[in-house]
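Topology and contacts: notes
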Amino acid sequence: MQKFDWKDENNYSLLADFYEFTMANGYLDSGIAENIAYFDLYFREIPDGAGFAISSGLEQAIEYIKRLSFTKEDIEYFKSKEMFSQKFLDYLKNFKFECDLWAMPEGSIIFPNEPILTVRGPVIQAQMMETMLLVTMNFQSMIATKANRIVRAADGRKVLEFGSRRAHGYNSAILGARAAYIGGCVGSANTLTDRLYGVPALGTMAHSWIQMFDSEIDAFRAYAKAYPHNCNLLIDTYDVLNEGLPNAIKIFNEEVLPKGFRPTGVRIDSGDLSYLSKKVRQGLDEAGFEDCPIVLSGGLDEYTIGSLLKQGAKVDSFGVGERLITSKSDPIFGCVYKLVATEDENGKILPKIKISENIIKITTPGFKQVYRFFDKETDAPIADVLMLRDEKFEVKDNYEIFHPLHTWKRKTLKNYYYKKMLVPIFEKGELVYDMPSLEEIREYALSNVEKLWPESKRFENPHVYFVDYSQKLWDLKNKLLNEHDF
């Protein structure tokens, strides 16, 4: 199917904190607008106390950058504020994106305090991208990560994303469904996300369908006649065991089987889901519909799903809505965008650091690359090491890593191979990255999760993955910290 070319009329070039434009204007007035700056985008903590997160949103970040420009109406808006110079207005009129950008491929496993995206370019440009890059990467990474937790809790059963109506706005509904698919959901109730991105749209009926008819069995019959090949009935509108289930079985026998089809499922959306699912499974099996799947929905997340399965619930798939699309249990991903270096007139990189009494807010200076080390036998990631870009990594039989804060905590890596995680996306403003398809991104994400140690995938007290510094980077950060009095 040809991809739908959806034209969003919103101009996201102005989706920025106002200070990004006041600083841009100030950079021009100060004569430093073209000075080269380096910004890292990273996050500090994993939602839900998880052991890992999944990067999502790079495709939308690329599309935003490709369209980054300022219309006549935008420039008139800035002029109306009566605080921006004519020089700044002229700059916007002739704007041309010139930055370099590196990022981890979408679907990568990511960990706190390592760059998942780095921007290098004129500070006036790199600065004004901050908000849009953050809002794009924060939301989708949060939903992809949450979706994967729910999918893993389902233990091989399918998970459908049902959250559009509870999402925080229509873009959240659209892109949240996309991110949930990357995280492992098999489809979404959101039709537009199917049209835009090819995420399978799934769904049958609501309670209102049942209520529109004189009786439940009339509603079931009408639906079965319309969709005998895909007859999945919602059986909890009135009474699951005394009405819904018997009516469904009757309709399956009278309207579905005679046409040569088998029922595709029944759904229970309320009540004691564990108890009801067991009774429904028993009833379906006794009626000869052992192959009829049971779908459970209504207020689910990884914890309720885990509880249902421990209780022996009979379920083939789950429909998960508001607790997925809003990541209700921990709805903040927390990516930040921080200046880490500049260049002088000779092209020498000058590292920058932001210091705080709150240790987690101290930045890691310099232009960096993320090296990910893998076990040669299992392909499982062992640790990440941040290195300065001018370092030459020497492969050794034994490579020692250490905790960047508690330096006495050390580990020797053996029988490993490594990969550089940050790849070029834009060079001097030109896109140099071939964006994979959504299916390829999803497969990449799920295969990466599969390779993780089981201890990293625990929901409670997961293994803390090592994200360490090279000795040279540690020395640089320590030097900059010691140059300041506290």
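Anything mentioned here points back to the structure above.
Rules used in this analysis
Residues numbered from 1 in each chain as written. Predicted model: local features only at pLDDT ≥ 70, side-chain atom pairs only at ≥ 80, totals over all residues. Heavy atoms only, no water. Helix = DSSP H or I, 4+ residues; strand = E, 2+ residues; numbered from the N terminus. Buried < 20%, exposed > 50% of the residue type's maximum accessible area, 1.4 Å probe, protein only. Contact = heavy atoms within 4.5 Å. Areas by Shrake-Rupley, 256 points an atom, 1.4 Å probe, with all protein chains shown as cover. Lys, Arg positive; Asp, Glu negative; His and termini not counted. Charge placed at Lys NZ, Arg CZ, Asp CG, Glu CD. Expected span 1.5 Å × (residues − 1). Arc of directions from axis to C-beta. Polar contact = N/O pair within 3.5 Å; in protein donor to acceptor, adjacent residues only side chain to side chain. Salt bridge = Lys/Arg side-chain N within 4 Å of Asp/Glu carboxyl O.

A closer look at the overall build of the protein chain
Within the protein chain, the regular secondary structure consists of 16 helices and 21 strands. Its C-alpha atoms give the protein chain principal-axis dimensions of about 80 × 60 × 40 Å. Taking all 486 residues of the protein chain together, 51% fall into the buried category. Expressed as a percentage of contacts within the protein chain between residues at least 6 apart in sequence, the contacts between residues at least 24 apart total 73%. By element, 50% of the accessible surface of the protein chain is carried by carbon and sulfur atoms, the whole surface being about 22900 Å². In the protein chain, which carries 59 positive and 70 negative side-chain charges, the distance between the mean positions of the two groups comes to 2 Å.

Remarks on helix H16 (residues 471–482)
With 12 residues, H16 should reach 16 Å at 1.5 Å per residue; the first-to-last C-alpha distance of 16 Å fits that figure. Of the positions making up H16, those classed as buried are Leu473, Leu476, Lys477, Leu480 and Leu481. Within H16, the buried residues cover an arc of 130 degrees as seen down the axis, which keeps them to one side. Residues of H16 that are buried sit in contact with strand S13 (349–351), strand S14 (368–375), strand S15 (381–388) and strand S21 (466–469).

Details of helix H11 (residues 240–256)
The terminal C-alpha atoms of H11, which comprises 17 residues, lie only 20 Å apart, well short of the 24 Å expected from a rise of 1.5 Å per residue. Burial in H11 covers these residues: Val240, Gly244, Leu245, Asn247, Ala248, Ile249, Ile251, Phe252, Glu255 and Val256. Residues of H11 that are buried make contact with helix H10 (216–226), strand S8 (232–234), strand S9 (265–268) and helix H12 (273–286). The N-cap residue of H11 is Asp239: its side-chain oxygen and the backbone nitrogen of Leu241 are 3.3 Å apart.

Some remarks on the environment of Phe84
By the secondary structure assignment, Phe84 is in the loop between helix H3 (72–80) and helix H4 (86–93). Of the residues examined, Phe84 reaches a relative accessible area of 10% and is grouped as buried. In the structure, Phe84 is positioned 310 residues away from Glu394 in sequence and 50 Å away in space, judged by C-alpha atoms. Not counting chain neighbours up to four residues away, the residues in contact with Phe84 comprise Phe18, Phe21, Thr22, Asn25, Phe78 and Leu89.

So, the pattern of salt bridges
Within this structure, the stated rule accounts for 26 salt bridges. With a closest N to O distance of 2.7 Å, Glu106 and Arg178 form a salt bridge. Pair noted here: Glu106 is in the loop between strand S3 (100–103) and strand S4 (109–110) and Arg178 is in helix H7 (residues 170–183), with a separation of 72 residues, a long-range link. Per residue, the accessibility class of Glu106 equals that of Arg178, and both read buried. Notably, a salt bridge pairs Glu254 with Lys250, separated by 2.7 Å at the nearest N-O pair. Taken as a pair, Glu254 and Lys250 lie in helix H11 at a separation of 4 residues, close to a single helical turn. According to the relative accessible area criterion, Lys250 is partly exposed, its value standing at 37%. Salt bridges sharing partners connect three or more residues here, namely Arg221, Lys250, Glu254, Glu255 and Lys259.

Without other data, these values stay purely geometric and don't point to any function.
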